[in-house]
Amino acid sequence: MQEINASIGFDRKMWRQDIRGSRAHAAMLARQGIIAVEDASQIEAGLKQIASEIEAGNFPFVDALEDIHMNIEARLTDRIGEAGKRLHTGRSRNDQVATDFRLWVRDAIDGVDAQIADVMLALAERAAEHAGDPMPGFTHLQTAQPVTFGHHMLAYVEMLSRDRGRLADCRRRMNECPLGSAALAGTSFPLDRHMTAEALGFNRPTANSLDAVSDRDFALEFLSAAAISAMHLSRLAEEIIIWCSAPYRFIRLSDAYTTGSSIMPQKRNPDAAELVRAKTGRITGALVGLLTVMKGLPLAYAKDMQEDKEPVFDAADAWALSLAATAGMVRDMKPNVARLREFAGSGFATATDLADWLVRVLKLPFRTAHHVTGRLVAMAEGREIDLSQLSLADMQSVEPGITEAIFGVLTVDASVASRRSFGGTAPDNVAQQAARWLQVLA
């Protein structure tokens with residue numbers, strides 16, 4: 001029973017939040033005249049000493065005391081005697097753990113938000129460096145149209161920006177204080193819940209005691225944001241893995257973010273990217289796991305909720321490590337600009353430019369232009385040459401109105417330069433967007 005019931009093995013991670021909540025609670029109890037000011041002073045001093053013990057690694061955690069809350073309270077009573085027994089007046093472990101957990105998730109959000117901003121900064125810096133360097137843009141992992149490497153980097157900046165927005169929404173919604181809700185029904189003591197909420201940095205106290213002790217949707221929302229962000233990191237990691245491979249050789253990672261083979265001395269494996277990709281499974285699994293724990297629980301608190309913390313702690317650690325590795329890889333990677341340019345024009349990547357020219361200059365309907373272009377692509381493909389290598393006579397055999405001017409739009413540089421619509425890949429666009437993000441993230 002002790003083995004399955006105890007949570008001290010993992011919830012000790014919340015010791016800072018538990019002590020912070022207890023200090024705010026004791027100060028409120030004293031101001032409300034519920035406990036003596038002298039007792040509150042002893043509690044404050046004792047909690048500070050306990051914090052120092054835990055920081056120094058000298059705190060005697062006891063499994064039999066089940067959790068971080070009872071471990072700290074028991075140690076406090078050992079240190080200061082009867083005054084320590086007064087700390088739990090007007091609260092329950094139910095509202096105490098709900099408060100601690102919210103504080104922990106809120107702190108985690110602040111830390112992860114800063115890390116996401118750092119990855120965005122790394123990407124924006126690379127975008128600014130390579131605003132005009134073309135690379136192949138893909139759909140279905142098939143060459144589609146040329147884009148610039150900077151434009152590709154900025155796509156992930158936009159994704160991560162939305163991840164930060166989800167975190168900000170999550171933080172705002174969860175920033176209500178459960179402390180004082182007691183076990184489930186509130187308390188008969190004249191608590192000032194607004195005081196403790198303010199002391200702990202919450203916007204307000206929770207409005208319903210049943211909801212306050214049994215709600216874990218703040219943790220679920222955090223995990224949802226984590227899972228979406230981890231998915232974004234995994235997509236970038238997958239591209240890094242592909243780009244590093246010998247058939248592509250679009251980028252190179254140094255030994256700092258790759259590992260060797262135990263048998264093949266030539267190998268440089270992108271293990272950091274592979275592990276970022278893999279950790280997405282743990283983070284998504286944490287979300288599904290906690291949803292499953294919570295789905296059948298009637299109000300209010302049930303011991304099932306002890307299973308809420310480990311997946312959140314694990315996901316937060318995996319997310320933070322993935323962000324750190326991603327920031328490092330983005331700053332470390334060296335794009336092979338010449339090879340990116342070479343492949344940018346492969347696979348008839350400028351075919352859309354040809355069709356657009358037919359519409360713009362010859363005023364052909366787009367579907368007609370699409371058909372003409374398809375015939376020209378088939379002709380070039382049959383001869384194993386690129387579109388730009390067809391002769392004018394070849395092109396005029398399909399569409400007599402084509403002129404020599406067509407060859408001016410079939411180059412990679414002309415293609416990317418023409419995409420000047422807002423959000424497009426034209427180098428000037430990319431440079432402006434990169435500069436904007438660098439200013440925002442500075």
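Check the entry above for the structure.
The sections below set out a description of the structure shown in this document. (Residues numbered from 1 in each chain as written. Predicted model: local features only at pLDDT ≥ 70, side-chain atom pairs only at ≥ 80, totals over all residues. Heavy atoms only, no water.)

Section: the overall build of the protein chain
The helix and strand inventory of the protein chain stands at 19 helices and six strands. Principal axes of the C-alpha set define a box for the protein chain whose edges measure 100 × 55 × 40 Å. Within the protein chain, the proportion of its 442 residues that are buried is 49%. Sequence-distant contacts in the protein chain: of pairs separated by 6 or more residues, those separated by 24 or more amount to 75%. Element-wise, carbon and sulfur atoms account for 53% of the exposed surface of the protein chain, whose accessible area totals about 20,100 Å². The centroid of the 48 positive side-chain charges in the protein chain is displaced by 2 Å from the centroid of its 56 negative side-chain charges. (Helix = DSSP H or I, 4+ residues; strand = E, 2+ residues; numbered from the N terminus. Buried < 20%, exposed > 50% of the residue type's maximum accessible area, 1.4 Å probe, protein only. Contact = heavy atoms within 4.5 Å. Areas by Shrake-Rupley, 256 points an atom, 1.4 Å probe, with all protein chains shown as cover. Lys, Arg positive; Asp, Glu negative; His and termini not counted. Charge placed at Lys NZ, Arg CZ, Asp CG, Glu CD.)

Remarks on unusual backbone geometry
Of note, the bond from L299 into A300 is cis; its omega dihedral lies within 30 degrees of zero at 5°. Position of A300 among the secondary structure elements: in the loop between α12 (271-294) and α13 (309-332). Its identity is not glycine, yet K363 carries a phi of approximately 60°, on the positive side. Within the secondary structure, K363 sits in the loop between α15 (351-362) and α16 (366-383).

Points about the packing of aromatic side chains
Inspection of the entire model under this criterion finds eight aromatic pairs. Taking 4.6 Å as the distance between ring centres and 55° as the angle between the ring planes, the aromatic pair formed by W104 and F313 counts as tilted. Placement of W104 in helix α7 (residues 93-129) and of F313 in helix α13 is noted, with a sequence separation of 209 residues between them. Residue W104 is classed as buried on the basis of its relative accessible area of 10%. A centroid spacing of 5.8 Å and a plane angle of 50° characterise the contact between F149 and W243, whose relative ring orientation is tilted. Of this pair, F149 sits in helix α8 (residues 149-174) while W243 sits in helix α11 (residues 217-244), placing them 94 residues apart in sequence. For the residue pair F149 and W243, the accessibility class agrees, reading buried in each case. If you follow R436 out to its NZ or CZ, it ends over the ring of W437, 4.6 Å from the centre. (Phe/Tyr/Trp six-rings, centres within 6.5 Å; stacked < 30°, edge-to-face > 60°. Lys NZ or Arg CZ within 6 Å of the ring centre and 35° of its normal.)

Details of the pairing of strand β1 (residues 134-139)
Where β1 meets strand β2 (residues 142-148), six bridges bridge the pair, whose relative direction is antiparallel. When the bridges of β2 are listed, F138 appears paired with T143. Adjacent in sequence and paired antiparallel, β1 and β2 are bridged by two residues, among which H140 carries a positive phi angle near 60°. (Pairing = 2+ DSSP bridges.)

Considering α7
For α7, built from 37 residues, the straight-helix expectation of 54 Å at 1.5 Å per residue is met to within 8% by its first-to-last C-alpha distance of 54 Å. Counting buried positions along α7 gives 26 out of 37 residues, so the element sits mostly inside the fold. N-capping of α7 is provided by S92, with a side-chain oxygen placed 3.0 Å from the backbone N of N94. (Expected span 1.5 Å × (residues − 1). Polar contact = N/O pair within 3.5 Å; in protein donor to acceptor, adjacent residues only side chain to side chain.)

Some points on the side chain of D353
If you trace the backbone, D353 turns up in helix α15. Every residue in contact with D353, bar those within four places of it in the chain, is listed here: V409, S415, S418 and R419.

With respect to helix α4 (residues 37-56)
Along its 20 residues, α4 runs 29 Å from first to last C-alpha, staying within 8% of the 28 Å computed at 1.5 Å per residue. Of all the residues in α4, the buried ones are D39, A40, I43, G46, L47, I50, A51, E53 and I54. For α4, the arc enclosing every buried residue in end-on projection is 160°, short of the 170-degree limit, so these residues lie on one face. Those residues of α4 that are exposed and aimed more than 90 degrees away from the buried face are V37, E38, E55 and A56. Close packing links the buried residues of α4 with α3 (15-31), α5 (68-80) and α6 (82-85). Two residues or fewer after α4 comes G57, characterised by a positive phi angle close to 80°. (Arc of directions from axis to C-beta.)

Looking at the nonpolar core
Residues V105, L123, F222, V312 and W319 are the most contacted members of the largest nonpolar core, which totals 75 residues. Looking at this core, the elements that each hand over two or more residues are α7, α8, α11, α12, α13 and α19 (427-441). (Core = buried A, V, L, I, M, F, W, Y, C linked by side-chain atoms within 4.5 Å.)

Let's talk about the pattern of salt bridges
Counted under the stated rule, the structure contains 31 salt bridges. Of the charged contacts, one joins K13 and D317 as a salt bridge, the two residues approaching to 3.7 Å between their closest N and O atoms. With a gap of 304 residues between them, K13 in the loop between α2 (8-11) and α3 and D317 in helix α13 connect regions that are remote in the sequence. With relative accessibility at 34%, the residue K13 sits in the partly exposed group. Overall, D317 belongs to the partly exposed group, its relative accessible area being 44%. (Salt bridge = Lys/Arg side-chain N within 4 Å of Asp/Glu carboxyl O.)

A look at a nonpolar patch on the surface
Among the surface-exposed residues, L184, L210 and L299 lie close enough to one another that they form a single nonpolar patch of about 280 Å² accessible area. Its place among the elements puts L210 in helix α10 (residues 209-214). By relative accessible area, which is 33% here, L210 ends up partly exposed. (Patch = residues over 30% accessible without salt bridge, like charges linked within 9 Å, V, L, I, M, F, W, Y side chains within 5 Å.)

Quick notes on the state of the cysteines
Summed over all chains, the structure comprises zero disulfides. With no disulfide of its own, C170 has C177 as its nearest cysteine by sulfur position, at a separation of 16 Å. Overall, the relative accessible area of 0% leaves C177 in the buried class. (Disulfide = S-S within 2.5 Å.)

A closer look at the packing of α11 against α12
Working note: a packed helix pair is described by the angle between its axes plus the distance between those axes. With their axes 8 Å apart at the nearest point, α11 and α12 run at an angle of 160° to one another. Considered as vectors, α11 and α12 are oriented roughly antiparallel to each other. Crossing handedness for the pair α11 and α12: left-handed. (Axes fitted to C-alpha atoms, helices over the stretch in contact; angles between N-to-C directions. Parallel < 35°, antiparallel > 145°, perpendicular 65-115°, else oblique. Left-handed = near helix turned anticlockwise from the far one by under 90°.)

Here's the deal with the environment of F343
Relative to the elements of secondary structure, F343 occurs in helix α14 (residues 337-344). For the pair F343 and M135, spaced 208 residues apart in sequence, the C-alpha separation works out to 6.6 Å.

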